[in-house]
Amino acid sequence: MAKRKLRKKRKPRRPAKNWRKFWKLGIDEFNTEIFGVNKDGDLTATEGHHIYNLNDLAQKYGTPLQILFPFIIEDRLKDLIGYFQAYMKIYGYRGKFFYHYPMKVNQNKEFILPLLSEGANLEVTSANELWIVKKLWEGERFNTKIRVFCNGPKTHQYLDLIEELRGKGMNIVPIIESNEEIERVSKLKGDIGVRVDLNFKADTHWDKKFDRFGLSERDALNLSKIKNLKVMHYHMGSQIKTQKSILDAVKHGFGIYRELQKTHPSLDTLDIGGGFGVPYEKKKFYTAKIVSSKIIKTLKSLSDKAGIRHPNLAIEWGQYIVAPAQVTLYKVLSEKGIPKANAVAWYIVDGSFMNDLKDTWAIHQKWHVIPANNMHTPLKRTWLAGSTCDSDDKYTEGGNYILLPKLREDGDQLVAVLDTGAYQDALSSHHCLLALPMKIIAKDGTVKIARRRESPDQIGKLFGWTNGDHK
Ligand SMILES: *Cc1c(COP(=O)(O)O)cnc(C)c1O
């Protein structure tokens, strides 16, 4: 009896789970180093001394909500340029490095301005993107030394704008995209480039067999002499899966560059395009630090062996720089049971995957989906559905499941989708006339609205319903 009395009553003390780790936050290789979980179980993001509470932002501004952190863009670009410049120095590489931001990846002003301030050059794909460059220039938003590569089919309007801006002293470089363009583009004075459709398949979603971009290797090598040919460009597609694939493309591309340089001694720049991937799934992935080192080492050894000048190197990694800078938040509206599946319930959210995160539907993009509140509470296996009436408007993690908190009687459940800064904006749409998410910018501890939530009237106007029409 006495013995039993002496025994201390033990409280059931389980060690607190490391929720930050559980949700794969705070990890550099996954680009989640700025994210954390506070004591209330809310998702937070840290910029220097400032901490943003994403749950509070969603309560304040409403959902669906996109939150952009421009400092992430700045930091990523600064680091990337730093890697290439450092390795060029270390290996004694004598070419120069140029970063060209491919504007199509995200044309929002709040994405472009931080990139320009960190020294990005640009790559555009259409006359309308080039028109934005013109506006930036007129507003003196960048210095004239910035170089702009012009890809995509050259309509008359596009060529006229190229000529107009060159006439103003801007460094605009049209890239020949097809045999039809050779004559028109090579007549222009000043630097020009050529895009080559490499006879090489990288490990990506891109369908290389039926590629329609650029000149074939043979046509490129048979080009009759263009005096001012400066740049050879290739692009292997987005989200390349392996480091080896990126490097093999560089080796193959260098072979063509070297041949082309024999007939075009003015050629001095190799532009290896975009395609560097993002670890959306938070699994082990290759890193820019290592790949940049290997690219420089490879190009140095190949050009030394061939006895030619080290080419200037241009890269157009877009997704890599901007995807991690934006988070999209939704609120769960309701729940529906699912019999016999990997998940036990649908969570229906107040936005749309088909509209706001189009790649979910278009290329079966996988996302890192986590709760933005109640991050320490019991979990449930879910699938997510959007608010349109379309059965394809869903995200199921490829038929697997997404772990999210069980819904509670009191209060909303918020869902965060990370890495949404690349491509989704320009691809977004208005299926079922849902409004686009509101977009806010979090910078230096303050928040400002970049795009308000569309009103029914504004959306109606997109479809021809101007005031008074419906009478
Ligand atoms: C789309 C595109 C890019 C950007 O590709 P990412 O996968 O985002 O890096 C770069 N260059 C060209 C020519 C492109 O078409």
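In the annotation of an unreviewed UniProt entry, the protein is listed under the name arginine decarboxylase. Looking at the protein in UniProt, the text filed under Sequence similarities (unreviewed entry) is "Belongs to the Orn/Lys/Arg decarboxylase class-II family. SpeA subfamily."

**A word on the layout of surface pockets**
Counted as a void, the largest pocket has a volume near 1400 Å³. Surrounding the largest pocket, 49 residues form its lining, His-205, Ser-238, Gln-239, Ile-363 and Tyr-423 being those nearest its centre. Contributing elements (two or more residues each) for the lining of the largest pocket: helix 12 (319-322), helix 14 (359-362) and helix 15 (424-427). Looking at which domains feed residues into the lining of the largest pocket, each of domain 1 (19-70 + 323-462) and domain 2 (93-316) supplies at least three. If you go around the second largest pocket, you meet 22 residues; those closest to its centre are Asp-28, Asn-31, Arg-76, Tyr-83 and Tyr-320. The set of elements that each furnish at least two residues to the lining of the second largest pocket consists of helix 4 (70-90) and helix 11 (288-306). In terms of residues, the lining of the second largest pocket owes the most to one element, helix 4, which gives six residues. Counted by class, the lining of the second largest pocket contains twelve nonpolar, three polar and seven charged residues. In terms of domain composition, the lining of the second largest pocket takes at least three residues from each of domain 1 (19-70 + 323-462) and domain 2 (93-316).

**A word on the site of the ligand**
Around the ligand sit 16 residues in total, of which Lys-104, Ser-238, Gly-275, Glu-316 and Tyr-423 are the nearest. For the ligand, an oxygen atom lies 2.5 Å from a polar atom in the side chain of Ser-238. Take Glu-316: an N or O atom from its side chain is 2.6 Å from a nitrogen atom of the ligand. At a threshold of 2 Å from the grid points, most atoms of the ligand map onto the largest pocket. Split into classes, the residues belonging to the shell around the ligand amount to four nonpolar, eight polar and four charged.

**Quick notes on the domain arrangement of the protein**
Considered domain by domain, the protein is made up of domain 1 (19-70 + 323-462) and domain 2 (93-316). Placing a centre on the C-alpha atoms of domain 1 and another on those of domain 2 gives a separation of 33 Å. If you look at the interface, domain 1 gives 23 residues, while domain 2 gives 17 residues. Around 1800 Å² of area is buried between domain 1 and domain 2 when both sides are counted, 62% of it from carbon and sulfur atoms. Three residues, Phe-30, Lys-366 and Tyr-423, lead the burial of domain 1 against domain 2; their summed loss comes to 29% of the area buried on that side. Remark: the boundary between domain 1 and domain 2 carries two salt bridges. Between Asp-419 and Lys-282 there is a salt bridge, with its nearest N and O atoms 2.8 Å apart.

**Focus on empty space enclosed by the protein**
As enumerated under the stated definition, the model contains one cavity of 30 Å³ or more in all. The space that makes up the largest cavity amounts to roughly 50 Å³. Together, Tyr-234, Met-236, Ile-240, Ile-246, Ala-249, Ile-272, Gly-274 and Trp-317 line the largest cavity. When grouped by side-chain class, the residues that make up the lining of the largest cavity number seven nonpolar, one polar and no charged.

**Points about the UniProt feature "modified residue: N6-(pyridoxal phosphate)lysine" (unreviewed entry) in the protein**
When the UniProt feature table is mapped onto this chain numbering, "modified residue: N6-(pyridoxal phosphate)lysine" (unreviewed entry) sits at Lys-104. Position of Lys-104 relative to the elements: it lies in the loop between strand 5 (97-102) and helix 5 (109-117). Contact partners of Lys-104, with chain neighbours within four places excluded, come to Thr-125, Glu-129 and Tyr-423.

**Focus: the environment of Lys-366**
For Lys-366, the location among the structural elements is in the loop between helix 14 and strand 16 (369-371). Look at Lys-366 and you get partly exposed, because its relative accessible area is 28%. For the pair Lys-366 and Pro-279, spaced 87 residues apart in sequence, the C-alpha separation works out to 9.8 Å. Look past the residues within four positions of Lys-366 in its chain and what remains in contact with it is Tyr-280, Glu-281, Tyr-395, Glu-397 and Gly-398.

**Side note on the sheet that holds strand 1 (residues 35-37)**
If you walk across this open sheet you meet the three strands as 1-2-3, and the pairing is antiparallel. The open sheet has two edge strands, strand 1 and strand 3 (50-53), and neither has a second partner. On average, adjacent strands in this sheet sit at an angle of 35° to one another, irrespective of strand direction. In terms of strand pairing, strand 2 (residues 43-47) meets strand 3 through four bridges, oriented antiparallel. Along strand 3, the bridge assignment pairs Glu-47 with His-50. On top of the sheet, helix 3 (residues 54-61) reaches strand 1, strand 2 and strand 3; it is set at about 55° to strand 3, its chief contact.

About the criteria used
Residues numbered from 1 in each chain as written. Predicted model: local features only at pLDDT ≥ 70, side-chain atom pairs only at ≥ 80, totals over all residues. Heavy atoms only, no water. UniProt positions renumbered as here; feature names shortened; annotations may be inferred. 1 Å grid on protein atoms, 1.4 Å probe; cavity = no way out; pocket = protein on both sides within 12 Å on 5 of 7 lines; lining within 4 Å. Points joined across faces, edges and corners; volume = space filled by probe spheres on them. Helix = DSSP H or I, 4+ residues; strand = E, 2+ residues; numbered from the N terminus. Domains from an automatic or database assignment. Nonpolar A, V, L, I, M, F, W, Y, C, P; charged D, E, K, R; others polar. Near = heavy atom within 4 Å. Polar contact = N/O pair within 3.5 Å; in protein donor to acceptor, adjacent residues only side chain to side chain. Sits in = over half its atoms within 2 Å of the grid points. Contact = heavy atoms within 4.5 Å. Buried area = accessible area lost by both parts, 1.4 Å probe. Salt bridge = Lys/Arg side-chain N within 4 Å of Asp/Glu carboxyl O. Buried < 20%, exposed > 50% of the residue type's maximum accessible area, 1.4 Å probe, protein only. Pairing = 2+ DSSP bridges. Axes fitted to C-alpha atoms, helices over the stretch in contact; angles between N-to-C directions.

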